[in-house]
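# Working through the structure, step by step
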Amino acid sequence: MTTAFHQVMAQCPVCLNEEELTIWDVIDTSTDPDLKEKLLRKTLQSLECRNCGHSTLIAAPLVYRDPKQHILIESRPDLGPDDLLVRLQDLQAAGPTLWPTPAETAPFRRLVASVNDLIEKILVHEQGLDDRALELVKFVVIKHQAQDTPIEELRLVGVAKSELNFVMKLEDGWFQYQLVVDAYHNAQMILEQTTDTLNHDPAAFALIDSTYAERMIDRFTAAMSDPIGQ
Ligand SMILES: [Zn+2]
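Our subject in this report is the structure included herewith. What you are looking at is a predicted structure, and each value in this text was computed from that prediction instead of being measured.

Glancing now at the sheet that holds strand E10 (residues 173-180). In spatial order, the strands read E8-E9-E10; together these three strands make up an open sheet with antiparallel pairing. Lying at the two open borders of the sheet, with one neighbouring strand each, are strand E8 (153-159) and E10. Taking the axes of each pair of neighbouring strands and ignoring which way they run, one obtains an average angle of 30 degrees across the sheet. The strands that helix H4 (residues 131-145) touches are E8, strand E9 (163-170) and E10; relative to E8, the one it contacts most, it runs at about 130 degrees.

Scanning the entire structure with this criterion turns up 15 salt bridges. Across the pair Asp 28 and Arg 65 runs a salt bridge whose closest N-O atoms are separated by 3.5 Å. Taken as a pair, Asp 28 in strand E2 (residues 18-28) and Arg 65 in strand E5 (residues 62-66) lie far apart in primary sequence, 37 residues in all. Of the residues examined, Asp 28 reaches a relative accessible area of 3% and is grouped as buried. Assessed through its relative accessible area of 14%, Arg 65 is described here as buried. For Asp 130, the salt bridge is made with Arg 132, and the minimal N-O distance between the two is 2.8 Å. Grouping residues by exposure puts Asp 130 and Arg 132 together as buried. Here the salt bridges do not stand alone but share partners, grouping Asp 117, Glu 120, Lys 138, Glu 153 and Arg 155 into one network.

Those donors, Cys 12 (SG), Cys 15 (SG), Cys 49 (SG) and Cys 52 (SG), are the protein atoms that reach the zinc ion, and they lie 2.3 Å from it. Because the angles between the four donor atoms bound to the zinc ion fall within 101 to 115 degrees, the donor set is best described as tetrahedral. Going along the chain, you hit the donors of the zinc ion in the pattern C-x2-C-x33-C-x2-C. One end of the pair, Cys 15, is in the loop between strand E1 (4-11) and E2; the other, Cys 49, is in the loop between strand E3 (46-48) and strand E4 (55-57), with 34 residues separating them in the sequence.

A sheet is described by the order of its strands in space; here five strands give the open sequence E1-E2-E5-E6-E7, paired in mixed fashion. At either end of the open sheet lies a strand with only one pairing partner, and these are E1 and strand E7 (108-112). Mean inter-strand twist for the sheet, computed between neighbouring axes without regard to direction, equals 20 degrees. Packed on one face of the sheet, helix H2 (residues 81-94) meets strand E6 (71-75) and E7 and runs near 155 degrees to E7.

Moving on: the packing of helix H3 (residues 115-126) against H4. Closest axis-to-axis distance for the H3/H4 pair is 10 Å, and the angle between their directions is 120 degrees. The angle between the axes of H3 and H4 places the two elements in the oblique class. Crossing hand, H3 versus H4: right-handed. Along the contact surface, H3 presents Glu 120, Lys 121 and Val 124, while H4 presents Asp 131, Leu 134, Glu 135 and Lys 138. When its residues are assigned to classes, the contact of H3 with H4 shows two nonpolar, no polar and five charged.

Glancing now at H4. The end-to-end C-alpha separation of H4 is 21 Å, in line with the 21 Å expected for 15 residues at 1.5 Å each. Within the sequence span of H4, burial applies to Asp 131, Arg 132, Ala 133, Leu 134, Glu 135, Leu 136, Val 137, Lys 138, Phe 139 and Val 141. Of the residues that open H4, the one with a side-chain oxygen 2.8 Å from the backbone nitrogen of Arg 132 is Asp 130.

Next up on the list: H3. Over its 12 residues, H3 runs 17 Å from end to end, which matches the ideal 16 Å to within 8%, given 1.5 Å per residue. Along H3, the residues that are buried comprise Asp 117, Leu 118, Ile 119, Glu 120, Lys 121, Ile 122, Leu 123 and Val 124. Of the surrounding secondary structure, the elements contacted by the buried residues of H3 are helix H1 (33-40), E5, E6, E7, H4 and E8. One or two steps after H3, the chain reaches Gly 128, where phi turns positive at roughly 75 degrees.

Reading the values: the criteria
- Residues numbered from 1 in each chain as written.
- Predicted model: local features only at pLDDT ≥ 70, side-chain atom pairs only at ≥ 80, totals over all residues.
- Heavy atoms only, no water.
- Pairing = 2+ DSSP bridges.
- Helix = DSSP H or I, 4+ residues; strand = E, 2+ residues; numbered from the N terminus.
- Axes fitted to C-alpha atoms, helices over the stretch in contact; angles between N-to-C directions.
- Contact = heavy atoms within 4.5 Å.
- Salt bridge = Lys/Arg side-chain N within 4 Å of Asp/Glu carboxyl O.
- Buried < 20%, exposed > 50% of the residue type's maximum accessible area, 1.4 Å probe, protein only.
- Donors = N, O, S within 2.8 Å, 3.2 Å for Na, K, Ca; no water.
- Tetrahedral: all angles 85-135°; square planar, octahedral: opposite > 155°, others 65-115°.
- Parallel < 35°, antiparallel > 145°, perpendicular 65-115°, else oblique.
- Left-handed = near helix turned anticlockwise from the far one by under 90°.
- Nonpolar A, V, L, I, M, F, W, Y, C, P; charged D, E, K, R; others polar.
- Expected span 1.5 Å × (residues − 1).
- Polar contact = N/O pair within 3.5 Å; in protein donor to acceptor, adjacent residues only side chain to side chain.

Structure representation (structure tokens):
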């Protein structure tokens, strides 16, 4: 699987001017590290209108591949929640034929619903964090905040020694948000106590999102209130 693209005519939503646009279908970072930089800066798939100057982000399917770090992530902004689950089953059924990795390596294979999810997964993996634990942290923060000011989006942007740095989208804009790294360690602990019941195959494609986090919290809560499993 190497870098692939196709071209389409896209219309500027502001002035209706038509521009030719390159849609990236696959990015392979081993041959095209510059495309990864563009992806992280969110300039990879944007329509820059030469008529009015407006720039529009295009939501198209994209496969991100980093052979060095054994990352394979498929981003499907074109699918709704139900179709996303169907796609996940297809990917899991296809198994290693999609992208064989040596048995001794730990591949990171994810299906995500948006480019923002994709960017966050890359960051999380490269920082050596567990995206399942991070989703738990995000889920709890969003839930706690819900009665107060609902958080529309919460994104990890960096990791310091003792804290995780996020940006959060509230009704009136984006704000910075810091969380002590202990919150992440607590989430890891919850994960360790619940993973075996989920039977998660680390080499399989997974959809690790807020729904996943909610399921984990539910299982953990159930296990705590019924420690002997009756
Ligand atoms: Zn325009």
